[in-house]
Amino acid sequence: MSQWLQRHTSTTAFQIGLAATLGAVAATTVIFTATAVHRRRATEELKASIPEISREHRALQLTEYGGASRPTITNKEDTRAAQIAARARKGDYDEELILEQLARNRVFLKDEGLAKLRGAYVIVVGLGGVGSHCVAALARSGVSRIRVVDFDQVTLSSLNRHALATLADVGTPKVNCVRKRLEQICPWVRIDERNELLGSRSIEGLLGKWDFELREGEEDKEVDWVVDAIDNIDTKVELLKYCAIRGIQVISAMGAGCKSDPTRIQVGDISTSVEDPLSKATRRRLRVMGINSGIPVVFSTEKPGEGKAELLPIADEEVQRGQVDKLGVLPEFRVRILPVLGTMPAIFGYTVANHVICSIAGYPMDYRTGEKGREKMYDAILSALLGLEERLVRSTNGQDAVGLRIPVSRDDVAYLIEEVFRGKSVISGLSTRLALIRWRKPAEGFKVDPEYEKEGQKMIKLPLTDLVLVTKEEAQKHEKLVLKGDMDPEALYDNSILSQVKKRLDEERAYERYR
């Protein structure tokens, strides 16, 4: 073996090849060493060129999505406004100026209502078309502590519907844009900006107590209202579930996209929202979690139709490639473009803000939850009322109730529910599982009207002013104790309920002459 090695290694060809290999290794080592030295030297020079963080040189952390969190372009006026706002938030702002700016709200809500509003703490999640208009209205109306939550940035396409963004804000975080503009409008309002994505891990901190720029003697405060202006179902459901379980007051804005009729916008419980895909999907998910009602929502009953806007389709080439869900900016977020008329999100936003403002200030809200799209409910309530009257007629001297009619139509039912009783039980104030029932037992008993019997019809007298709106459970009790029993309403209900019934029925008697 050693002889073989000696013979081959002593040849000229082998020696030349070995020398070439060693030369190549040496050259490669020199090149990589020189490159490493150059890279290290360039890195050191680059680091050395970065100034230390100071007043003149501030560092901004990248967002968790890798985006630059650059501030909005500012000018001298912006800087001056920020300085005034910084002092105002600490209390260095004339109270008379604040009251003068809020003068119209003050005379509307009175001093007590305005004081509640100024002491409130509201969180707005989502600062797109709906959320930006909502937060602007809240600040202008006097809410002095507002936390805004959004992970997104202003885009050119945002400017058709955003309340506060300008061309200079494109590419900047929406929370920065909102805070900057509101400082110029209401400098005393404290805006706690959270450039974050709300999720299961972050929600507790984002919806936590107010701890931003606390003044001397001021304590942490629990949130008074949360505004859901999110257009992603998963995040929306997460937020609503969290608030519902913990008893946090929350109002949710449903879909403003593809809508154009402002007369169809309604405020109601999530269980009554119709003709809205986002609301339907959200409601179904919440029901699975055991949450069926109790969340006020703003929605539109406008139906899709020929020639109306609709969700834009995904390009065929993208569908053919497969994995369309990967086209989203973030997992589970919408990948298709939703057409939005710029005016509609604004109306949604102001409607949400109006509800929050009046709720905090204690201002009475008797607006209707809307009768459109509730025809099935009216038919069911009318059918139940007819069934009740038939039972009462049969219980009186064994009368035949077959073919009985009542002088109440579906339009009458809708009118009573929406106009007279505002969609709520006159006893408990609940707005679900409703029923109409007589308030008192008629003096003549439940007898078929003889005047109609002469014409071969079975009709029973039933003036609308005899009917009240209650829940089905309350109706069963009322039927047993009052209509079939010997109790009077005065013996069964307390004075507050009796007063409310009298007020509603007297109101209907006053309007009856216009029917």
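An unreviewed UniProt entry lists the chain under the name THIF-type NAD/FAD binding fold domain-containing protein, with Cladophialophora immunda as the source organism. One UniProt comment on the chain, placed under Sequence similarities (unreviewed entry), says "Belongs to the HesA/MoeB/ThiF family." Per its UniProt entry, the chain bears the Subcellular location (unreviewed entry) comment "Mitochondrion outer membrane".

**Student:** Please explain the pattern of salt bridges as it appears in this structure.
**Tutor:** Note that side chains of opposite charge can pair when their charged atoms are close. One pass over the structure, following the stated rule, counts 30 salt bridges. The salt bridge partner of Asp-228 is Lys-236, with a shortest N-O separation of 2.8 Å. Note on accessibility: Asp-228 and Lys-236 belong to one class, buried. Across the pair Asp-506 and Arg-509 runs a salt bridge whose closest N-O atoms are separated by 3.0 Å. One end of the pair is Asp-506 and the other is Arg-509, both in helix α18 (residues 495–511) and three residues apart, which spans about a single turn. One continuous salt-bridge network, built from bridges that share partners, spans Arg-89, Arg-179, Glu-183, Glu-193 and Glu-213.

**Student:** Sorry, what's going on with the side chain of His-133 here?
**Tutor:** Residue position: His-133 is located in helix α6 (residues 129–141). Owing to a relative accessible area of 12%, His-133 belongs among the buried residues under this scheme. A polar atom in the side chain of His-133 sits 3.1 Å from the backbone oxygen of Arg-161. Setting aside its immediate chain neighbours within four residues, His-133 contacts Arg-161, His-162, Ala-163, Ala-346, Gly-349 and Tyr-350.

**Student:** Help me understand the pairing of strand β9 (residues 434–438), please; the structure alone is not making it clear to me.
**Tutor:** Look at any regular strand and the pattern is simple: side chains alternate between the two faces of the sheet. Burial analysis of β9 places five of its five residues in the buried class, which makes it a mostly covered element. Residues of β9 alternate between two faces, with Leu-434, Leu-436 and Arg-438 on one and Ala-435 and Ile-437 on the opposite face, all of them buried. As judged from the five bridges shared by β9 and strand β11 (residues 467–471), these two strands associate in the antiparallel manner. Looking at the pairing, Arg-438 lines up with Leu-467 of β11.

**Student:** Help me out: how do you make sense of the side chain of Thr-465 in this one?
**Tutor:** Tracing the backbone through its elements, the reader meets Thr-465 in the loop between β10 (458–459) and β11. Judged by its relative accessible area of 10%, Thr-465 is buried. Excluding residues within four positions of it along the chain, Thr-465 makes contact with Leu-505, Glu-508, Arg-509 and Glu-512.

**Student:** It is not clear to me how the pairing of strand β5 (residues 250–253) should be interpreted in this structure. Could you clarify?
**Tutor:** Residues Val-250 and Ser-252 of β5 are buried on one face, and the alternating residues Ile-251 and Ala-253, pointing to the opposite face, are buried as well. Here strand β4 (residues 225–228) runs beside β5; their pairing, made up of three bridges, is parallel. Residue pairing for β5: Asp-228 is matched across the bridge by Ser-252. Crossover handedness for the path β4 to helix α9 (residues 233–246) to β5: right-handed.

**Student:** Explain the sheet that holds strand β2 (residues 145–149) to me, please; I cannot follow it from the model alone.
**Tutor:** Strands in a sheet are paired, the pairing made by backbone hydrogen bonds, and the direction either parallel or antiparallel. With respect to topology, seven strands assemble into an open sheet ordered β3-β2-β1-β4-β5-β7-β6, the strand pairing being mixed. Either end of the sheet is taken by a strand with one partner, and the two such strands are β3 (190–194) and β6 (265–269). Averaged over all pairs of adjacent strands, the angle between their axes in this sheet comes to 20°, without regard to strand direction. For β5 and strand β7 (residues 296–300), the ladder comprises two bridges, and the chain directions are parallel. Opposite Ser-252, over in β7, you have Val-297 as the bridge partner.

**Student:** Can you walk me through the nonpolar core in this structure?
**Tutor:** For soluble globular proteins, the rule of thumb is that nonpolar side chains tend to be buried together. Val-122, Val-135, Leu-138 and Ile-146 are the most contacted members of the largest nonpolar core, which totals 46 residues. It is helix α12 (residues 343–361) that contributes the most residues to this core, eight residues altogether. Apart from residues lying up to four places away in sequence, Val-135 is in contact with Val-124, Leu-127, Ile-146, Val-148, Leu-164, Val-178 and Leu-182.

**Student:** For this particular structure, what's the right way to read α12?
**Tutor:** Residues separated by three or four positions in an α-helix point in the same direction, a consequence of the helix having 3.6 residues per turn. Relative to the 27 Å expected for 19 residues at 1.5 Å per residue, α12 spans 27 Å between its end C-alpha atoms, a close match to the ideal helical length. Downstream of α12 by one or two residues, Gly-362 has phi in the positive range, about 75°.

**Student:** Would you take a moment to explain the UniProt feature "transmembrane region" (unreviewed entry) in the chain for this structure?
**Tutor:** The sites that UniProt annotates as "transmembrane region" (unreviewed entry) are residues 12–37 and 119–139. Here residues 119–139 runs as 52% helix and 24% strand, with 12 Å between its end C-alpha atoms.

**Student:** Help me understand the packing of helix α13 (residues 375–394) against helix α14 (residues 410–420) in this model?
**Tutor:** A pair of packed helices can be characterised by two numbers: the angle between their axes and the separation between those axes. Running from amino to carboxyl end, α13 crosses α14 at an angle of 105°, the nearest separation of the two axes being 9 Å. Put simply, α13 runs roughly perpendicular to α14. In contact with Glu-375, Met-377, Tyr-378, Asp-379, Ile-381 and Leu-382 of α13, α14 contributes Arg-410, Val-413, Ala-414, Ile-417 and Glu-418. For the contact of α13 with α14, the residue count by class is seven nonpolar, no polar and four charged.

Rules behind the numbers
- Residues numbered from 1 in each chain as written.
- Predicted model: local features only at pLDDT ≥ 70, side-chain atom pairs only at ≥ 80, totals over all residues.
- Heavy atoms only, no water.
- UniProt positions renumbered as here; feature names shortened; annotations may be inferred.
- Salt bridge = Lys/Arg side-chain N within 4 Å of Asp/Glu carboxyl O.
- Buried < 20%, exposed > 50% of the residue type's maximum accessible area, 1.4 Å probe, protein only.
- Helix = DSSP H or I, 4+ residues; strand = E, 2+ residues; numbered from the N terminus.
- Polar contact = N/O pair within 3.5 Å; in protein donor to acceptor, adjacent residues only side chain to side chain.
- Contact = heavy atoms within 4.5 Å.
- Pairing = 2+ DSSP bridges.
- Right-handed = clockwise from strand over helix to strand, strands pointing away.
- Axes fitted to C-alpha atoms, helices over the stretch in contact; angles between N-to-C directions.
- Core = buried A, V, L, I, M, F, W, Y, C linked by side-chain atoms within 4.5 Å.
- Expected span 1.5 Å × (residues − 1).
- Parallel < 35°, antiparallel > 145°, perpendicular 65-115°, else oblique.
- Nonpolar A, V, L, I, M, F, W, Y, C, P; charged D, E, K, R; others polar.

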